[in-house]
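Next come the chains, spelled out residue by residue.
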Amino acid sequence: MPDSLLLLALVCLPFLGALAAGLLPTRARDAASGIAGTVALACLGLVWAAYPTVSSGGVLRAEFAWMPTLGLNLTLRLDGFAWLFAGLISGIGALVVLYARYYMSSDDPVPRFFAFLLAFMGAMTGVVVSGNLVQLVFFWELTSLFSFLLIGYWHHTAAARDGARMALTVTGAGGLALFGGVLLIGHIVGSYDLDAVLSAGDRIREHPLYLPALILIVLGALTKSAQFPFHFWLPHAMAAPTPVSAYLHSATLVKAGVFLLARLWPVMAGTDAWAWTVGLAGLTTLLLGAYIAIFQNDLKGLLAYSTISHLGLITLLLGLKSELALVAAIFHIINHAAFKCSLFMAAGIIDHETGTRDIRRLSGLNQSMPFTARLAMVAAAAMAGVPLLNGFLSKEMFFAEALTAEAPLSPLLNILPLAAMLASAFSVAYSLRFIHGAFFGPVATDLPRTPHEPASWMRLPVEILVLTCIVVGLLPAATVGPYLAIAVHGVLGDDVPYYSLAVWHGFNLPLVMSLIALAGGVMLYALLQQRLRGDVEGPPLIRRLDAQRIFEQVMVFLSWRLARRLETLLGTRRLQPQLRLIVGIGLLAGAGAVWLRGFGPGNLPSTPVDPVLALVWMVGAAFALGTAWQAKFHRLAAVMLLGGVGLVVCITFVWFSAPDLALTQLTVEVVTTVLLVLGLRWLPKRFQVAGDRGPEVLTRTRRARDLAIAVGAGCGLAALSYAVMTRVPPELLASHFLERAYTEGGGTNVVNVILVDFRGFDTLGEIFVVAAVALTTYALLRRFRPAADSVEIPEQQRDQDGATQHDDAVRPTADWLLVPFTLTRLLFPVMLVVAVFLMLRGHDLPGGGFSAGMVVAIAILLQYIIGGAAWTEAHLRLRPQIWLGAGLLIASGTGIVAWFFGRPFLTTYFAYAELPLIGKVPTASALIFDIGVFALVVGATLLMLVALAHQSVRGHRAAPRRVGSRAGEA
Amino acid sequence: MNWILALPELVLALSGLAILGIGVLPKRNTHFACAMAAVGAFLLAAALAIGAPEGSAFGGQIVSDAFTRFAKVLILIGAAAGVVLSLDYNAREGLDRFEYPVLLVFATLGMLVMVSANDLMSLYIGLELLSLSLYVVAAFNRDDERSAEAGLKYFVLGALASGLLLYGSSLTYGFTGTTNFDRIADALSDPSKASSGLVVGMVFVIVGLAFKVSAVPFHMWTPDVYEGAPTPVTAFFAAAPKVAAIGLFARVLGGPFGDLAGQWQQVIVLISLLSMVLGAFAAIGQSNIKRLMAYSSIGHVGYALVGLAAASEAGMRGLLVYMAIYLLMNLGAFAVLVAMRRQGRAVERVEDLAGLARTDLSMAVWMAIFMFSMAGIPPLAGFFGKMFVFKAAIDAGLWTLAIVGVLSSVVSAFYYLRIVKVMFFDEPAGALDPRPASVSFVMAASGVFTTLFFLYPAPLVAAAQAAVAALLG
């Protein structure tokens, strides 16, 4: 079989099997387990098929295009080390499937279980055969995901849900950290390919990013392998069905972490940082796990902590700067898988047959299930490191390493053998507790079920595993020797150190240590008898240091208190602070850019400041300040002051010889002020709820802060304007227009020529927009009559209504304001003439259709203001819509006419015409266009203002009146 | 003048007007017909966008290239899905007025103009057309106080941001003498000569755009608007406009200001960093799922900007891939949110999803897939988006950014997983109303993409690659 096909099948078969099992009906227990078993055995066969290549030191490798643009291929790579793991995964997988077939109740949705289990198996295989680090992370996270599903399989129990969530949170987060680390490694090496990474050891260790990469990767490995301080998720994961525990926590999931550490050992180990992080975590976990395990009352809890401790042992071995320690670690991985898996299965059998896993309730099971008891005893003895069993061999190697290894600090070296012996003694004690507690003593009478031997098929996996423990323990070199050699070769390449796999190495120091540990463990157990029978939960001394509780507290803190506090501190739902933030940051960003780049005045010479203009500007500034100040207290005053600011701007325009702008500014200023006032009528008065205000100081501070922001923004803008205006501008459009205004547009008023000629098309578009806006405003406000309970009739209107109630309603204001009323009536024709004047001369001198239109609108507005809507409309027939329509038609018509002369749209014709009385008048066809603009501006302004103004008429529409109907027409 | 290049935009503009006509003239409710017409217009425009020739038109105001093609197709998909999601919801909430699809068509038109803009003018026109339409749809449920507030708030803040953008644009014009992207780029080809006024202008442009993509510290409006607006509107907000704004960001910084990368890189690094961290932490405490998704979207913008911060070809590619994936998975997640109705009323608290696995397993599974994907857990699509941008950042030497990104995705995984936990493990809060087929369709399509992206990522990545090549030219 070609390598690529073999490897692909190895990874894909479990997933396909998972899919097939998942599609089975809920009750199809036999079919699902059949599929799972077949897949596991097939995988084992595939692994075996790779043996010839791997045993000769070869590496199977296959690449498939995946994301070629990113340089990422699906690379599968099976070397000796991966081969060993793949064998463990599929071999133990097959045993677990067989066991689970009998363990799982037919009431559970078993096909789902096998689907998850197979998918997990596939993910785990994926981790070990990944030839690419990103792909490794990918499968790594998949294992987290499927273990989550497996642990939470019995999701109706709270323990399973919490356990699953905690496992996923910790291992998933660790996986993301690993991802970060892998990205860094990829950056250092320049490739994610495992072969490339493995051959770049020196480059990685010497790179400045080595430490962050190391920390992130170690985080990933430690969380996965349940190492201190992330060990707490593992005991909670014991809520999973026992086959899951047997599989995940002996041979697969938790071994992924140590797999990764061993995989990267050649390139990352050997530094002090490695020894400190990995070694220290391993040492702590080794002791802590073993210590806590003694005091567990739950069989599976005991096994969980013992798993943590043994993984700590492996991690510690990997953390030592010694290749022999690596050999010991790999050897222990195999041994631990064998005995721990069988112990979990035994615990599951006990649970299954008795209905409880509490060591204090179990007793004397040796009577009812003698065969299981024998098996468990052998496995536990292997775990305790009793000679002639496999656990003993790797423990001896560990002791030997503990005595000789180099450590970064010498005190650690002295501690190491002691710690090793202590942990070993603990492990003897908890193994004893497991055996003694469950199988010896008086026969328990109050068990939920009557215990008996399990189905023989269920026991078969345990028998196989225990047999392995014994055979390996007796004849290590003949049985496990070649496989271990392959795996070690896979990690270390050709420089494998000499090691000897033998039961008897002579009477040496490690053996003495073993004996001491054995004796110590037995003594410890005897001493603790009294305490262990009691109802005290958890280990003495460190009971309060419950990592799980700390985890929960941290989670609650993070998820609740910190998040809440941050939100109240940093977040707000109020508009004002949000606005403040944007303005403030905009200001800071601008200032920052200036500060970084330096920003001085430009090269243009400065002209002296005219004192009169300065005075005018000071007046303007005073107006502006007054507006800001009054805006809060007196809106009308603020609007008037704002008008003052506009006036000063207008004068400035005149000052700098821009009469055209000044004119436009003036008319626009007038109209907008009127608009503002009309709108302000409807705003409620400023009100204060008694007692709702903070102290006066706060208010003042707030206002001072606002002032500071305003001053800052103003200064910033002023500085920018200054800088811009003191520079020679780049070639802008202005010069283009200045040159061509007369020669091509026939006008000396450049602004007007631009508007009606050069950019006539834009203007046409704009007037259409203005028309649309006017119509929309009208449509919106035509019926605007706020509900009585939402907005009151404005105070001003109520006063007026009160005054006119008993009066003749038709001519109210004329009686009040007789002089202004007369004046405005007199002024009206004058203003119209001014408008015509502005209109006609617009092409050459300041003026134009827009200004003229505004002037007419202002003239009519004056009549409205002084005379009132009713009087004005009784005397003037205003048809804003007609003005609008006529304006648009004239303007577009001018453009279209050009077509008849074979010219593009809006081409202008230009000449001077002699008019009687007025003299020579420029009559470009643009003038007609300008008339269109004029008409439109009149119509649009009136339409909007009338729509607003009529609210006052509509306020008391209840009284039927003659003028009211006319107002409706308009 | 080659108006063929603007064909998708023209089609949308005309369809918008036509749909307006369809809506106004008959006396009966034409919401459904208008919505369908809008979807049709989107699909037609997408087809035209795919086949559009390359070049620039309207005096260099707009361009059409691989980048615009990529962005436009994404935007149109997002917009079409947005309309589809609104169909049932609007009918039940009494929002089934024809103006809704019309506004979405105009908003989408604005987005298309934005991404094909090659001039500060057309950029602004597109941006404002989009924004103005969005202000209105945010307040579409005008009888609802929260919706009205959302619209108003968005308008006030958005207007401010637009002002800053305009100010920046005018400074840029003032110092370079042109608004055309190509010519600005020419003027800046020697970055050392770029005057500081121009840098200030660029900073203001960035501020304005950062507001539009809701990057921290211009994010404040996002949770409020997402929460207040009707859910389909929120779904629309979170999808197409995000892509358009990010696309615009990439275009502006990669094109005209491309040679000033040294200047803007730090700014983008900063806002990306802040967005990721804030998005991760602020979402944890949220109980309203729409607010939560708002913070999540802020975080995702942060991740996408990591790609921009890298200021390299790989980074831009990562950005585009990220946005494509984000768009598609987000649509699915919002389809779930739109489907959250109980006894005829829309519900939007995280607890309302409790026990969903037992009442509606398929929806719970889809949602779980979206949440896992957003958390960046393989093999789902979200993981690849993150991988692309983080890899680019590390290659560009921004490894702090990449590591903070990875760590903040660890934090954000926490709240995504909380939703999964609530759905699968909590006691059911009562069954949700049966969901309409339209929503299920969006959910399933998005879910299938999210799940199976890893099998065949090449087409999307290749399209992004071509787009980047066009962008950086």
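Residues numbered from 1 in each chain as written. Chains lettered and ligands numbered in written order. Predicted model: local features only at pLDDT ≥ 70, side-chain atom pairs only at ≥ 80, totals over all residues. Heavy atoms only, no water.

The name given to chain B in an unreviewed UniProt entry is NADH-quinone oxidoreductase subunit N, with Neoroseomonas marina as the source organism. UniProt's Catalytic activity (unreviewed entry) comment on chain B is quoted here verbatim: "a quinone + NADH + 5 H(+)(in) = a quinol + NAD(+) + 4 H(+)(out)". (UniProt positions renumbered as here; feature names shortened; annotations may be inferred.)

Chain A is annotated in an unreviewed UniProt entry as Monovalent cation/H+ antiporter subunit A from Neoroseomonas marina.

Asker: Give a description of the overall build of chain A that names residues and reports values.
Answerer: Helix and strand content of chain A: 42 helices and 4 strands. Within chain A, the proportion of its 970 residues that are buried is 51%. Residue pairs at least 24 apart in sequence account for 78% of intrachain contacts in chain A once pairs closer than 6 positions are excluded. Counting every atom, chain A has about 42,500 Å² of accessible surface; 68% of that belongs to carbon and sulfur. (Helix = DSSP H or I, 4+ residues; strand = E, 2+ residues; numbered from the N terminus. Buried < 20%, exposed > 50% of the residue type's maximum accessible area, 1.4 Å probe, protein only. Contact = heavy atoms within 4.5 Å. Areas by Shrake-Rupley, 256 points an atom, 1.4 Å probe, with all protein chains shown as cover.)

Asker: Go over the overall build of chain B, please, and point to the residues and values.
Answerer: Along its length, chain B carries 20 helices and 4 strands. Relative to its length of 473 residues, chain B is compact, with a C-alpha radius of gyration of 21 Å against a globular reference of 23 Å. Dimensions of chain B along its principal axes, counting C-alpha atoms only, are 65 × 55 × 40 Å. A burial count over chain B gives 68% of its 473 residues as buried. Just so you have it, chain B exposes about 13,800 Å², and 66% of that area is on carbon and sulfur atoms. (Rg over C-alpha atoms; globule rule 2.2 N^0.38 Å.)

Asker: How would you explain the packing of helix H3 (residues 66-93) of chain B against helix H11 (residues 240-254) of chain B if you had to name every residue and give the values?
Answerer: All names here are of chain B. Contact geometry of H3 with H11 gives a least axis separation of 8 Å together with a crossing angle of 165 degrees. Here H3 is positioned roughly antiparallel relative to H11, judged by the angle of their axes. Here the hand of the crossing between H3 and H11 comes out left-handed. For the pair formed by H3 and H11, the contact residues are Phe 67, Thr 68, Leu 74, Ile 75, Gly 78 and Ala 79 on the first element and Ala 240, Val 243, Ala 244, Gly 247 and Arg 251 on the second. Class assignment for the residues of the contact of H3 with H11 results in 7 nonpolar, 3 polar and 1 charged. (Axes fitted to C-alpha atoms, helices over the stretch in contact; angles between N-to-C directions. Parallel < 35°, antiparallel > 145°, perpendicular 65-115°, else oblique. Left-handed = near helix turned anticlockwise from the far one by under 90°. Nonpolar A, V, L, I, M, F, W, Y, C, P; charged D, E, K, R; others polar.)

Asker: Requested: an account of a nonpolar patch on the surface, with residues and values cited.
Answerer: All names here are of chain A. Taken together, the side chains of Leu 636, Met 640, Leu 642, Leu 676 and Val 677 present a nonpolar region at the surface, about 420 Å² in accessible area. Of all the secondary-structure elements, those providing two or more residues to the nonpolar patch are helix H29 (635-655) and helix H30 (659-680). With 3 residues, H29 is the largest single contributor of residues to the nonpolar patch. Structurally, Leu 676 can be placed in helix H30. For Leu 676, a relative accessible area of 40% puts it in the partly exposed group. (Patch = residues over 30% accessible without salt bridge, like charges linked within 9 Å, V, L, I, M, F, W, Y side chains within 5 Å. Salt bridge = Lys/Arg side-chain N within 4 Å of Asp/Glu carboxyl O.)

Asker: Got a sec to walk through the packing of helix H1 (residues 7-24) of chain B against helix H2 (residues 31-51) of chain B? Specific residues and values, please.
Answerer: Residue and element names in this part refer to chain B. In the contact formed by H1 and H2, the axes pass within 9 Å of each other and the chain directions differ by 170 degrees. What the angle tells us is that H1 and H2 run roughly antiparallel. Between H1 and H2, the residues in contact are Leu 7, Pro 8, Val 11, Leu 12, Ser 15, Ile 19, Ile 22 and Gly 23 and Cys 34, Ala 37, Ala 38, Ala 41, Phe 42, Leu 44, Ala 45, Leu 48 and Ala 49, respectively. Considered class by class, the residues forming the contact of H1 with H2 number 15 nonpolar, 2 polar and no charged.

Asker: Tell me what's going on with the interface of chain A and chain B, and back it up with residues and numbers.
Answerer: The interface is formed by 66 residues belonging to chain A together with 68 residues belonging to chain B. When residues of chain A are sorted by the area they lose upon contact with chain B, Leu176(A), Ile582(A) and Arg597(A) head the list and together hold 11% of the total. Here chain A is connected to chain B by 0 salt bridges. When residues of the side of chain A that touches chain B are traced back to their parent elements, those giving at least two are strand E1 (60-67), helix H6 (133-151), helix H7 (158-189), helix H10 (210-224), helix H26 (547-570), helix H27 (575-597) and helix H31 (696-725) of chain A. Element by element, the count of residues in the side of chain A that touches chain B is highest for H27(A), at 13 residues. Residue classes in the side of chain A that touches chain B are distributed as 44 nonpolar, 12 polar and 10 charged. (Buried area = accessible area lost by both parts, 1.4 Å probe.)

Asker: Hey, could you go over helix H4 (residues 99-116) of chain B for me, with residue numbers and the actual values?
Answerer: Think of an α-helix as turning once every 3.6 residues; residues three or four places apart then point the same way. With 18 residues, H4(B) extends 26 Å between its outermost C-alpha atoms, agreeing within 8% with the 26 Å of an ideal straight helix rising 1.5 Å per residue. The buried count for H4(B) comes to 17 of 18 residues, which makes it a mostly enclosed element. (Expected span 1.5 Å × (residues − 1).)

Asker: Lay out the nonpolar core with the relevant residues and their values.
Answerer: Generally speaking, soluble globular proteins have nonpolar side chains that are buried together. Judged by nonpolar contacts, the single largest core of 420 residues is most densely connected at Trp233(A), Phe249(B), Trp264(B), Ile268(B), Leu308(B) and Phe372(B). If you tally residues by element for this core, the top one is helix H17 (residues 323-354) of chain A, at 20 residues. Beyond its immediate stretch of four places on either side in the chain, Trp233(A) contacts Met166(A), Ala167(A), Val170(A), Thr171(A), Thr223(A), Lys224(A), Ala226(A), His249(A), Leu253(A) and Val254(A). (Core = buried A, V, L, I, M, F, W, Y, C linked by side-chain atoms within 4.5 Å.)

Asker: Can you break down the pattern of salt bridges residue by residue, with the values?
Answerer: Two side chains with opposite charge may pair up if their charged atoms get near one another. Residues and elements named next belong to chain B. Applying the stated criterion across every chain, the model contains 33 salt bridges over all chains. Here Glu 348 ties to Arg 146 by a salt bridge, and the two come within 3.0 Å at their closest N and O atoms. Of this pair, Glu 348 sits in the loop between strand E4 (345-346) and helix H15 (356-359) while Arg 146 sits in helix H6 (residues 145-176), placing them 202 residues apart in sequence. Residue Arg 146 is classed as partly exposed on the basis of its relative accessible area of 36%.

Asker: Tell me about the UniProt feature "domain: MrpA C-terminal/MbhD" (unreviewed entry) in chain A, and please be specific about residues and values.
Answerer: Within this structure's numbering, the places UniProt gives as "domain: MrpA C-terminal/MbhD" (unreviewed entry) are residues 621-685 of chain A. Regarding residues 621-685 of chain A, the helix share stands at 82% and the strand share at 0%, and the terminal C-alpha atoms are separated by 27 Å.

Asker: Got a sec to walk through the confidence of the model for chain B? Specific residues and values, please.
Answerer: Residues and elements named next belong to chain B. With 100% of its residues at a pLDDT of 70 or more, chain B shows a mean pLDDT of 89. At the level of individual helices and strands, chain B shows its lowest average pLDDT in helix H18 (residues 399-425), which scores 83, and its highest in H4, which scores 94. Interface confidence in the predicted complex, given as ipTM, is 0.82; pTM for the same model is 0.79. (pLDDT = per-residue confidence, 0-100.)

Asker: Tell me about helix H13 (residues 253-263) of chain A, and name the residues and values.
Answerer: Judged by how many residues are buried, H13(A) sits mostly within the fold: 11 of 11 residues are covered. All of the buried residues in H13(A) are Leu253(A), Val254(A), Lys255(A), Ala256(A), Gly257(A), Val258(A), Phe259(A), Leu260(A), Leu261(A), Ala262(A) and Arg263(A).

Asker: Tell me about the environment of Val200(B), and please be specific about residues and values.
Answerer: Here Val200(B) lies in helix H8 (residues 196-212). Setting aside residues no more than four positions away along its own chain, Val200(B) makes contact with Gly590(A), Ala593(A), Val594(A), Leu720(A) and Leu171(B).

Asker: Lay out the confidence of the model for chain A with the relevant residues and their values.
Answerer: Here chain A shows a mean pLDDT of 82. Residues at 70 or above account for 87%. Counted against residues more than four places away or in other chains, residues 956-970 of chain A, with its pLDDT under 50, gives 19 contacts.

Asker: Residues and numbers for unusual backbone geometry, please.
Answerer: Across the junction of Phe228(A) and Pro229(A), the peptide omega takes the value 5 degrees, indicating a cis bond. Its location among the elements puts Pro229(A) in the loop between H10 and helix H11 (233-236). Pro217(B) follows Val216(B) through a cis peptide bond whose omega is 5 degrees. Mapped onto the fold, Pro217(B) is located in the loop between H8 and helix H9 (221-228). Phi at Ala311(B) takes a positive value of approximately 50 degrees, unusual for a residue other than glycine. Given the relative accessible area of 32%, Ala311(B) is considered partly exposed. A positive phi angle is found at Gln343(B), which is not glycine, with a value near 50 degrees. Position of Gln343(B) among the secondary structure elements: in the loop between strand E3 (341-342) and E4.

Asker: Quick one: what's the story with the state of the cysteines, residue by residue and with numbers?
Answerer: All names here are of chain A. Evaluation of the coordinates by the stated rule reveals 0 disulfides over all chains. Unpaired in terms of disulfides, Cys 43 finds its nearest cysteine sulfur in Cys 12, a separation of 10 Å. Unpaired in this structure, Cys 469 has its nearest cysteine sulfur neighbour in Cys 341, at a distance of 9.8 Å. A residue is classified by how much of its surface remains accessible, and Cys 469, at 0% relative accessible area, is buried. (Disulfide = S-S within 2.5 Å.)

Asker: Help me get a handle on the packing of aromatic side chains, residues and values and all.
Answerer: A complete count under the given rule lists 35 aromatic pairs over all chains for this structure. Centre to centre, the rings of Phe81(A) and Phe259(A) are 5.2 Å apart; their planes meet at 5 degrees, and the pair counts as stacked. In this pair, Phe81(A) is assigned in helix H4 (residues 80-103) and Phe259(A) in helix H13, connecting sequence segments 178 residues apart. Seen from the ring of Tyr102(A), Arg101(A) lies directly overhead, with NZ or CZ sitting 4.8 Å from the centre. The cationic tip of Arg97(B) hangs over the ring face of Phe140(B); the distance from NZ or CZ to the ring centre is 5.1 Å. (Phe/Tyr/Trp six-rings, centres within 6.5 Å; stacked < 30°, edge-to-face > 60°. Lys NZ or Arg CZ within 6 Å of the ring centre and 35° of its normal.)

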